[in-house]
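Now for the letters of each chain:
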Amino acid sequence: MVDIVFYPDELLIQQSEPVEMFDGELAELTDEMIAALAPAKGIGLAAPQIGILKRFFVVHVPDQDPLVFVNPTITESSLDRFDYEEGCLSVPGVYAPVSRPSVITVSAYDAKGTPFVLTADGLMGRVIQHEKDHLEGVLFIDYLPSRRRSRLIEKYEKPLTQFWRE
Ligand code: NI
């Protein structure tokens, strides 16, 4: 069971530290994070969102296997971009279109420490960029024009409990 950290918690604006040990604890945490996605109706979750300031996240896009990204680096981003409506488990109820590169290449390690390189577009490319931002303390709402951001935040109410937890 993982506890989600909600905006405006300070943990969400911190820079995360590299993972140094690919141990059983990391494997267990990433399994729990993947398991939390379906009930939360989420497709990605980053360690800072469960209060751990380490550089890893999980992604589970429909019809694909779940993926773990540890110490990721985005090595290439296309000049071509597209707008897509994003949301975040840490900012529940808030959705807004964000412009990001259409195609990215990411280098990372899986939970066992095996390196891999992935080129992704569409929803997969989108969620990888969103989750990677969490490791830098950046939220999708940070990309919005300030007036739009303020309007959305005015309406936002931090949940007292995890609405999806049962
Ligand atoms: Ni998020």
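The structure under discussion appears in the preceding block.
Below you will find a few notes about this structure. The shown structure was predicted, so the numbers you read here are calculated from the model rather than taken from an experiment.

This next bit is on the nonpolar core. With 34 residues, the main nonpolar core has Leu 45, Phe 56 and Phe 140 as its most contacted residues. Elements with a contribution of two residues or more to this core: α1 (24–40), β2 (56–59), β3 (67–77) and β5 (96–101). Here the element with the most residues in this core is α1; it accounts for seven residues. The contacts of Leu 45, once residues within four sequence positions are left out, are Val 2, Ile 4, Met 33, Leu 37, Ile 50, Phe 57, Val 58, Leu 89 and Glu 131. Counting residues in each nonpolar core, the second largest holds 13 residues, with Val 59, Val 61, Ala 120 and Val 127 among its members.

The terminal C-alpha atoms of helix α2 (residues 122–135) lie 21 Å apart, and with 14 residues this matches the ideal 20 Å at 1.5 Å per residue to within 8%. The buried fraction of α2 amounts to twelve of the 14 residues, a majority that puts the element mostly inside the structure. Listed as buried for α2 are Met 124, Gly 125, Arg 126, Val 127, Ile 128, Gln 129, His 130, Glu 131, Lys 132, Asp 133, His 134 and Leu 135. Just downstream of α2 lies Gly 137, where phi reads positive at about 75°.

Okay, the layout of surface pockets next. In this model, the largest pocket occupies a volume close to 450 Å³. The set of elements that each furnish at least two residues to the lining of the largest pocket consists of β4 (81–86) and α2. Considering each element in turn, the lining of the largest pocket owes the most residues, five residues, to α2. For the lining of the largest pocket, the residue count by class is twelve nonpolar, six polar and five charged. A volume near 160 Å³ is recorded for the second largest pocket.

The rules behind the values
Residues numbered from 1 in each chain as written. Predicted model: local features only at pLDDT ≥ 70, side-chain atom pairs only at ≥ 80, totals over all residues. Heavy atoms only, no water. Core = buried A, V, L, I, M, F, W, Y, C linked by side-chain atoms within 4.5 Å. Buried < 20%, exposed > 50% of the residue type's maximum accessible area, 1.4 Å probe, protein only. Helix = DSSP H or I, 4+ residues; strand = E, 2+ residues; numbered from the N terminus. Contact = heavy atoms within 4.5 Å. Expected span 1.5 Å × (residues − 1). 1 Å grid on protein atoms, 1.4 Å probe; cavity = no way out; pocket = protein on both sides within 12 Å on 5 of 7 lines; lining within 4 Å. Points joined across faces, edges and corners; volume = space filled by probe spheres on them. Nonpolar A, V, L, I, M, F, W, Y, C, P; charged D, E, K, R; others polar.

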